[in-house]
Amino acid sequence: GMQSHLQALLSLYKLFCPEQVTITLPGKMKTYFKNSEGPWKAAITAIRQRNQGTSPLSQAVFLGTSQPHSRKRKWNAQLVIPASSTNTNKLEKDKDSNHDYLYSTNESFPVEQLRTFPQLLQNIQHLEFPSQMGSVLTNPLLLHYMNCVKDESIYLRLCYWMGQMLQEECTWCVVDNRYEEEFKSFLQTVYKAECFLQEGFSACEEFLYKTLPLWDGVCCQSEVLRLVSWIPLSSCSDIKSYLYDPLAQLFFTSSVYFKCSVLESLKELLQNWLNCNGIQVDSEFPP
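Please read all numbers here as calculations on a predicted model, not as lab measurements.

Draft legend 1. Just the packing of aromatic side chains, in detail. Applying the stated criterion across every chain, the model contains 9 aromatic pairs. Three or more aromatic residues link up through ring pairs in this structure, and these residues are Trp 172, Phe 183, Phe 207, Trp 215 and Phe 258. Just above the ring of Phe 251 sits the side chain of Lys 259; from NZ or CZ to the centre is 5.5 Å.

Draft legend 2. Examining the environment of Leu 243 more closely. Looking at the secondary structure, you find Leu 243 in helix α10 (residues 236-251). For Leu 243, a relative accessible area of 0% corresponds to the buried category. For the pair Leu 243 and Val 228, spaced 15 residues apart in the sequence, the C-alpha separation amounts to 8.5 Å. When near neighbours in sequence (up to four residues on either side) are disregarded, Leu 243 contacts Tyr 209, Leu 212, Val 228, Ile 231, Asp 238 and Leu 269.

Draft legend 3. Geometry of unusual backbone geometry. Of note in this structure, Gln 198 is not a glycine but carries a positive phi near 60°. Within the element layout of this structure, Gln 198 appears in the loop between α7 (180-197) and α8 (202-211). Even without being a glycine, Cys 220 presents a positive backbone phi close to 50°. Tracing the sequence through the fold places Cys 220 in the loop between α8 and α9 (221-228).

Draft legend 4. Structural detail: the environment of Glu 205. Inspection of the secondary structure assignment puts Glu 205 in helix α8. Accessibility expressed as a relative area gives 16% for Glu 205, which makes it buried. Along the chain, Glu 205 and Tyr 242 lie 37 residues apart, while their C-alpha atoms are 9.7 Å from each other.

Draft legend 5. Expanded view of helix α5 (residues 140-148). If you check which residues of α5 are buried, you get Leu 141, Leu 142, Leu 143, Tyr 145 and Met 146. Where α5 is buried, its residues contact α4 (117-122), β2 (127-128), α6 (152-169) and α7. Where α5 begins, one side-chain oxygen reaches toward the backbone nitrogen of Leu 141, 3.0 Å away; that side chain belongs to Asn 139.

Draft legend 6. Here's a closer look at the state of the cysteines. Across all of its chains, the model carries 0 disulfides by this definition. There is no disulfide at Cys 220, and the cysteine sulfur nearest it, in Cys 219, is 3.7 Å away. Of the residues examined, Cys 220 reaches a relative accessible area of 1% and is grouped as buried.

Rules of the game
- Residues numbered from 1 in each chain as written.
- Predicted model: local features only at pLDDT ≥ 70, side-chain atom pairs only at ≥ 80, totals over all residues.
- Heavy atoms only, no water.
- Phe/Tyr/Trp six-rings, centres within 6.5 Å; stacked < 30°, edge-to-face > 60°.
- Lys NZ or Arg CZ within 6 Å of the ring centre and 35° of its normal.
- Helix = DSSP H or I, 4+ residues; strand = E, 2+ residues; numbered from the N terminus.
- Buried < 20%, exposed > 50% of the residue type's maximum accessible area, 1.4 Å probe, protein only.
- Contact = heavy atoms within 4.5 Å.
- Polar contact = N/O pair within 3.5 Å; in protein donor to acceptor, adjacent residues only side chain to side chain.
- Disulfide = S-S within 2.5 Å.

Set out below in structure tokens:
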């Protein structure tokens, strides 16, 4: 029978040798084979467009896989804490009365009501995190919570959301992207959150490793190099192939200013690694 993986294989054959596949295949089916030439095609198209001037393109491409997404939402919509659906009624009642901020053990404390550090301390076991995890990046109290309460599910939710945002909005991988300033602002917000937490996000590491080979060294230069300084400590082989090699290609063909910026970023990366390693040693061998 016509199984899905066989249909995908036949569709691949039909793409390169249509005369060899005479049967009719469905128009919509799951993608089993990624286009390995996607990143280079996207980079070449972006360079041609930048050199020849803007031209209307039919679709935006991120690494040759994504279709253009709607721009109906605002950039900052994901960075504002939404009202919690389960506590909306309670919130309205609390506005009309002087509510003692200490909730009972059976109640959850909505983050949109979180205003002060004493509130965080009193209700740290009862916080209900928002559905839009991006709002955590701009809220110091919630970042304090992430530092104090090592809840892996919250960290994974935030990194998943962040990875999607970085992938969809990257200005040098999405052709004809007109929102460079907004993307810069988003990278700055992510960097400030990393400085606050004193650790890098895994989503940023993955984003840098994927996009540095396509980066021209100009777009969002300072923001990208700041994120580089917070890459988590990992094996030397990964760092060389995914970080040093792409930067080296730009390093030898760029200005003195760029060279100094790269060296400064790598120096900060080393300092962050030493600080992180020192904290781990202190925790393992207390005085």
